[in-house]
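Here are the chains, one letter per residue:
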Amino acid sequence: MKLQPETKQKQMKIFKKIMAGLFALFLITVAWIGYHMLFSSKSHVGIDVSHHNKLSARNWNKLEGQGISFVYIKVSEGDNYRDPKAKSNSIAASDHKMLIGTYHFFRDNVNSEKQYRNYLSARARCSWSLLPVIDYERDGFHTNVSERSRQETLKNLYLKLEKHDGQAPIIYCSIIEYFKLLRILPKAKFWLGDPNFGFGTIQQKKKNLGMAELDFDYANLADIMFASSNENQGR
C-alpha cells in the first residue's frame, strides 16, 4: 500500500526532529564529559591578553593573587602587525611566575608564509614555554575570501608552525569553525571560544576577575602543554 504524499511529509518532519534531538543530546553529552575532564583538580587557570587590556602592575598582582597560572599573549597579526605590549606583558607575566604562551591573530587575506614569518619574528621578543596559538575567528575573515581558501591558508600556517616547532599549534576558534576544521585538521588541538561547550584542549569560561575595567577571556587548561623548542628566551 502506497503512502500518501502528506503522510510522507509528516514522517519526514518527525524524522528530522528526532535526528535534531539526537544531535543536540550528543553535543550535550560531549560537553558534559569534556567539562568534567577539564575542570578537574589538575586543571590550570589562565587568560589571554593583548594591548587592549592595558594591564597595570596592580592588575598583574591581582591576577597572580587569584591563581592565574598561565597567560597567552598576543604578539602578531596578519603579515606585519606586532602587538606593542607583547614584550612588556611577557616580562610582567614572568615576574609573576606565570607560564607564557604566544598567539597570532589570523587574517585570511594574507598568505601563510607572510603570517608565519611575522609571528616567528614577533614571538622572538618574548619568553614563552607553551604551545603557540593561532587565533582563527570571524574578525579576521573577509567577505571576498572563500571558506575553502581561508581554510587552506590556515592549514598551511598550521603545518609551517608544526614543522618549525616540532609540535603542532593550538587553534582558537568558535564551535562552528571547530566542526568545519575537523575535516581538514582532524588531529589538531582546539581552544573553543565558547563558554557553553565544555570540550577542547583549552576550555573557555566567563568569570568576573574583580576588574570590571578589563575584558579577559578566562580559560582552563587540563594539562599544561610545553613547547619542546628551545627558541623561547626572548627576554
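Residues numbered from 1 in each chain as written. Predicted model: local features only at pLDDT ≥ 70, side-chain atom pairs only at ≥ 80, totals over all residues. Heavy atoms only, no water.

### Thoughts on the overall build of the protein chain
- Across its full length, the protein chain holds six helices and nine strands.
- Here the protein chain holds 235 residues, and 47% of them are scored as buried.
- If you take every contact in the protein chain between residues at least 6 apart in sequence, the share linking residues at least 24 apart comes to 72%.
- Within the structure as shown, the protein chain displays about 13000 Å² of accessible surface, and the carbon and sulfur contribution to it stands at 54%. (Helix = DSSP H or I, 4+ residues; strand = E, 2+ residues; numbered from the N terminus. Buried < 20%, exposed > 50% of the residue type's maximum accessible area, 1.4 Å probe, protein only. Contact = heavy atoms within 4.5 Å. Areas by Shrake-Rupley, 256 points an atom, 1.4 Å probe, with all protein chains shown as cover.)

### Some remarks on the environment of Phe-141
- For Phe-141, the location among the structural elements is in the loop between strand E5 (133–135) and helix H5 (147–165).
- Taking the C-alpha atoms as reference points, Phe-141 and Asn-109, 32 residues apart in sequence, are found 7.6 Å from one another.
- Every residue in contact with Phe-141, bar those within four places of it in the chain, is listed here: Asp-108, Tyr-136, Arg-150 and Glu-177.

### Comments concerning the nonpolar core
- Trp-60, Val-71, Tyr-136, Ile-171, Cys-173 and Phe-190 are the most contacted members of the largest nonpolar core, which has 39 residues in total.
- Not counting chain neighbours up to four residues away, the residues in contact with Ile-171 comprise Ile-134, Tyr-136, Leu-154, Tyr-158, Leu-181, Leu-185, Ala-188, Lys-189, Phe-190 and Trp-191.
- Grouped together as the second largest cluster of nonpolar side chains are nine residues, Tyr-72, Tyr-103, Leu-130 and Tyr-172 included. (Core = buried A, V, L, I, M, F, W, Y, C linked by side-chain atoms within 4.5 Å.)

### Topic: the pairing of strand E7 (residues 189–192)
- Relative to E7, strand E6 (residues 170–173) is paired through four bridges, and the arrangement is parallel. Within the sheet, the bridge partner assigned to Ile-170 lies in E7 and is Lys-189. (Pairing = 2+ DSSP bridges.)

### What to know about the pattern of salt bridges
- Across all of its chains, the model carries nine salt bridges by this definition.
- Residue Glu-77 pairs with Arg-107 through a salt bridge whose shortest N-O separation is 2.6 Å. In this pair, Glu-77 is assigned in strand E2 (residues 70–77) and Arg-107 in the loop between strand E4 (99–105) and helix H4 (112–123), connecting sequence segments 30 residues apart.
- As a salt-bridge pair, Lys-160 and Glu-113 come within 2.8 Å of each other at their nearest N and O atoms. Highlighted residues: Lys-160 in helix H5 and Glu-113 in helix H4, separated in sequence by 47 residues.
- Judged by relative accessible area, Glu-113 falls into the partly exposed class, the value being 28%. (Salt bridge = Lys/Arg side-chain N within 4 Å of Asp/Glu carboxyl O.)

### Examining the confidence of the model for the protein chain
- Scored by pLDDT, the protein chain comes out at a mean of 80, with 69% of its residues at no less than 70.
- Across the protein chain, the secondary-structure element scoring lowest on mean pLDDT is strand E9 (residues 217–221), at 58, and the one scoring highest is H4, at 98.
- Taken as a whole, residues 35–42 scores under 50 in pLDDT and shows 14 contacts with residues more than four places along the chain or in a different chain.
- pLDDT under 50 marks residues 208–215. Its contacts with residues more than four places away, or in other chains, come to 18 contacts. (pLDDT = per-residue confidence, 0-100.)

### Looking at the side chain of Asn-59
- When you line up the elements, Asn-59 lands in helix H2 (residues 57–65).
- Take Asn-59: its relative accessible area is 5%, and that puts it in the buried class.
- Polar side-chain contacts of Asn-59 include one of 2.9 Å to the backbone nitrogen of Ser-56. (Polar contact = N/O pair within 3.5 Å; in protein donor to acceptor, adjacent residues only side chain to side chain.)

### Focus on H5
- Counted at 1.5 Å a residue, the expected span for H5 with its 19 residues is 27 Å, and the 27 Å between its end C-alpha atoms agrees.
- Every buried residue of H5 is accounted for by Arg-150, Gln-151, Thr-153, Leu-154, Leu-157, Tyr-158, Leu-161 and Asp-165. Considered in projection along H5, the buried side chains sweep an arc of 160° and stay on one side of the axis. For H5, exposure combined with an orientation more than 90 degrees from the buried face picks out Arg-148 and Lys-163.
- Residues of H5 that are buried sit in contact with E4, H4, E5, E6 and helix H6 (175–181).
- Directly after H5, the chain includes Gly-166, whose backbone phi takes a positive value near 80°. (Expected span 1.5 Å × (residues − 1). Arc of directions from axis to C-beta.)

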